[in-house]
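So the chains spell out like this:
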Amino acid sequence: MMTFITGGTRSGKSAYAEALADGYDRVHYLATARIDRSDRDMLRRIEQHRDRRPTHWTTVERSTDLAPVFKQLATENGCVLVESVGTFVLNAMMDASLDWDAAKRAQRDAFEERVLADAESWLDALRGGTIDAIFVSEEVGLCLVSPNAMGRAFSDTLGRLNQRLAAAADHATLVVSGIGLVLK
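Please read all numbers here as calculations on a predicted model, not as lab measurements.

A. A look at the packing of aromatic side chains. Counted according to the given criterion, the structure contains 6 aromatic pairs. Plain terms: the ring middles of Phe70 and Trp122 are 5.7 Å apart, the flat faces sit at 40° to each other, and that makes the pair tilted. Of this pair, Phe70 sits in helix α3 (residues 67-73) while Trp122 sits in helix α5 (residues 105-126), and the two are 52 residues apart along the sequence. The same class applies to Phe70 and to Trp122, which are both buried. Both rings, one in Phe70 and one in Phe135, keep their centres 5.8 Å apart while their planes meet at 45°; by these two values the pair is tilted. With Phe70 in helix α3 and Phe135 in strand β5 (residues 132-138), this pair connects stretches of sequence that are 65 residues apart. The pair Phe70 / Phe135 is uniform in exposure class, with both members buried. Through successive ring pairs, a cluster of aromatic residues spans Phe70, Phe88, Trp122 and Phe135.

B. Spatial organisation of the pairing of strand β7 (residues 179-182). Pairing of strand β6 (residues 171-176) with β7 involves 4 bridges; the strand directions are antiparallel. Looking at β7, one finds that Leu174 is bridged to Leu181.

C. Molecular detail of the sheet that holds strand β2 (residues 27-31). Strands sit in the order β3-β2-β4-β5-β1-β6-β7 across an open sheet of 7 strands; the sheet is mixed. Looking at which strands have only one partner, the edges of the open sheet turn out to be β3 (58-61) and β7. Strand-to-strand twist across the sheet, computed as the mean angle between neighbouring axes with direction ignored, equals 20°. In this structure, β2 lies alongside β3, joined through 4 bridges in parallel fashion.

Reading the values: the criteria
- Residues numbered from 1 in each chain as written.
- Predicted model: local features only at pLDDT ≥ 70, side-chain atom pairs only at ≥ 80, totals over all residues.
- Heavy atoms only, no water.
- Phe/Tyr/Trp six-rings, centres within 6.5 Å; stacked < 30°, edge-to-face > 60°.
- Helix = DSSP H or I, 4+ residues; strand = E, 2+ residues; numbered from the N terminus.
- Buried < 20%, exposed > 50% of the residue type's maximum accessible area, 1.4 Å probe, protein only.
- Pairing = 2+ DSSP bridges.
- Axes fitted to C-alpha atoms, helices over the stretch in contact; angles between N-to-C directions.

Structure, rendered in C-alpha cells:
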C-alpha cells in the first residue's frame, strides 16, 4: 500500500504522516535532508523531526538516489516513510550543477525527466513488495510563480512528481492547518 501526504510549509503534513506510520511495528524513516552545520534553522527543524520519532524507528539518511533503499526495503514488513520528496528534488537540482537562469528549456526538461524516471524506479521497487510506503511532499500548486528560473524549475518538477506519486498512491491526503483532507 502506498500513501501520499502533501501540504504547505508548516501545514502539519510530517506529524500527520508520522502518526500514520506509528501504527506499524517496523518503520524505516527515509530522511532526504542534507545536514549543513552552518544552517541553524535547518538543524533545528531536523532536530524537531528527530525528537518526534520513536526510538524504535530506523532512520536511513539518503539525499538522492533513493531507488537502492526502496529495493533493499521492498520485501520487509512495516513501512518506509519518505520525508520529504521536495527535499529530494531540491538536492537533485543542487547536484545537477545547472545554471538554472541560463539553462535551455531542453536542459530543464531533461532534468525533470531524470527525476521522474528516478521516481518510477522507486515505484517499481515497491510494486509487488511487502512494505508499505508513505511519501511526504510539499504542495507547490497553491503558491505564487517564482520570480527566478530555479524556483520555477523546482515547482514544475515537484508538481509533476507529486502528480505521479498521487496517481500511483492508494491513499492521498492534503494537510491544511494540521487537518488531513482525504483526496483519495
